Amino acid sequence: MDDDIQERRQFTVSIASSVLFAGLQFNDGDGLPNFELMSGPQRLCSKGHFLSHEGEPEPDLYLLRSGWLCCSITTPAGDRQITTIHLPGELVGMPSIAREVAAETISALTDCVIDTIPLDAFAVAFRQHPRLAALLYMSAQEERVRLIHQLTLVGRVHSVKRMAAFLLSIYHRVRVSVPGVDDSFALPLTQQDLGDATGMSVVHANRALRILRERGYASLQKGILTVHDYPGLVKFAGSPADSKRSTAWI
């Protein structure tokens, strides 16, 4: 396993280069390198592995170095609702930081390399590096905005536009997180995953993907998402424009 991790390190990213922190302005004195160094042992998780289950005591926090993770909750009827897709460089499990039990289930969509982040690291960051703490808070608000948008999509938007907006969000985040990505990239989500993320059955998710493909907006073929008509997809999805506020005031 150690050899596998060494082989994958060339693909790992830092927190600062991640999509979650891309718009934040870190300074040399913010303590970000020290925060990353305080992470726990690095380990490989295979595709399909569960890092934690909803309701488990004393949940861990993670830094995703490479690969894709998803967070989900289980409805009273036993269905899965995916709440977050995590990309390399992101902090995972943050909603559980204020709880004694895990707020969500975390599972690997691909083979992943993760670090476990001890709570002590956050304590040191908050005490010794207040601007870093403020930037971490800002990143948490960015994630909250994404959840607000997803809640609106699931509850109030037609299924095809819902799928369009979800794929567009992933497209934007991947292009920030992975330099050099063009209009096509590997999307390690099954139709079941897409349905669970957008509140649709597999049948409706498949139908939505087919309509987007037939209209020439985007296609998902053999695990590759291709955006054929970006302006058209943006207009059709009706997604709000991204307007991140500068962090220069912090």
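Quantities reported herein were computed from a predicted structural model and do not represent experimental measurements.

**Some words on the nonpolar core**
Counting 37 residues, the largest nonpolar core has Trp68, Ile85, Met163, Leu167, Phe185 and Leu187 as its most contacted members. Where this core is concerned, the elements lending two or more residues are strand S5 (80-86), helix H5 (159-177), helix H6 (191-198), helix H7 (202-214), strand S10 (218-221), strand S11 (224-227) and helix H8 (230-237). Tallying contributions element by element places H5 first for this core, with 10 residues. When neighbours within four sequence positions are excluded, Ile85 is seen to be in contact with Trp68, Leu69, Cys70, Glu90, Leu109, Phe166, Ile170, Arg173 and Leu189. Within the second largest apolar cluster, 11 residues are counted, among which are Leu64, Val92, Ile106 and Ile114.

**A short note on the sheet that holds strand S2 (residues 50-52)**
Strand order in the open sheet formed by four strands is S2-S7-S4-S5, with antiparallel pairing between adjacent strands. Either end of the sheet is taken by a strand with one partner, and the two such strands are S2 and S5. Strand-to-strand twist in this sheet, taken as the mean axis angle between neighbours without regard to direction, amounts to 30°. Across two bridges, S2 lies against strand S7 (residues 105-108) in antiparallel orientation. Each residue of the ladder has a partner; that of Phe50, found in S7, is Ser107.

**Some points on the packing of H5 against H7**
Remark: H5 packs on H7, axes separated minimally by 9 Å, with the N-to-C direction vectors making an angle of 75°. In terms of orientation, H5 lies roughly perpendicular with respect to H7. Two secondary-structure elements touch here, H5 through Ser159, Val160, Met163, Ala164 and Leu167 and H7 through Ala205, Arg207, Ala208, Leu209, Ile211 and Leu212. When grouped by side-chain class, the residues that make up the contact of H5 with H7 number nine nonpolar, one polar and one charged.

**Examining H8**
The complete set of buried residues in H8 reads Gly232, Leu233, Phe236 and Ala237. Taken end-on, H8 shows its buried residues confined to a sector of 125°, consistent with a single buried face. Opposite its buried face, H8 presents the exposed residues Pro231 and Lys235, each directed more than 90 degrees away. Residues of H8 that are buried in the fold lie against H5, H7, S10 and S11. The backbone nitrogen of Gly232 lies 2.9 Å from a side-chain oxygen of the residue at the head of H8, namely Asp229. Following H8 by one or two positions, Gly238 has its phi on the positive side, about 65°.

**Quick notes on the confidence of the model for the chain**
For the chain, the mean per-residue pLDDT works out to 83, and 82% of the residues sit at or above 70. By mean pLDDT, the top-scoring element of the chain is S7 (97), and the lowest-scoring one is helix H1 (residues 2-8) (37).

**As for the sheet that holds strand S1 (residues 42-45)**
Working definition: the strands of a sheet are paired by backbone hydrogen bonds and lie parallel or antiparallel to each other. Taking strand neighbours across the sheet as the criterion, the four strands line up as S1-S8-S3-S6 in an open arrangement whose pairing is antiparallel. Two strands close off the open sheet at either side, each with one partner strand: S1 and strand S6 (91-92). Bridge count for S1 against strand S8 (residues 112-117) is four bridges, and the pairing is antiparallel. Considered in S8, the bridge of Arg43 is made with Ile114.

**Here's the deal with the pattern of salt bridges**
Counted by the stated rule, this structure contains six salt bridges. Note that Arg65 and Asp115 form a salt bridge whose closest N and O atoms lie 2.9 Å from each other. One end of the pair, Arg65, is in strand S3 (residues 61-66); the other, Asp115, is in strand S8, with 50 residues separating them in the sequence. Residue classification places Arg65 among the buried positions, given a relative accessible area of 12%. For Asp115, a relative accessible area of 2% translates into the label buried.

Parameters at a glance
- Residues numbered from 1 in each chain as written.
- Predicted model: local features only at pLDDT ≥ 70, side-chain atom pairs only at ≥ 80, totals over all residues.
- Heavy atoms only, no water.
- Core = buried A, V, L, I, M, F, W, Y, C linked by side-chain atoms within 4.5 Å.
- Buried < 20%, exposed > 50% of the residue type's maximum accessible area, 1.4 Å probe, protein only.
- Helix = DSSP H or I, 4+ residues; strand = E, 2+ residues; numbered from the N terminus.
- Contact = heavy atoms within 4.5 Å.
- Pairing = 2+ DSSP bridges.
- Axes fitted to C-alpha atoms, helices over the stretch in contact; angles between N-to-C directions.
- Parallel < 35°, antiparallel > 145°, perpendicular 65-115°, else oblique.
- Nonpolar A, V, L, I, M, F, W, Y, C, P; charged D, E, K, R; others polar.
- Arc of directions from axis to C-beta.
- Polar contact = N/O pair within 3.5 Å; in protein donor to acceptor, adjacent residues only side chain to side chain.
- pLDDT = per-residue confidence, 0-100.
- Salt bridge = Lys/Arg side-chain N within 4 Å of Asp/Glu carboxyl O.

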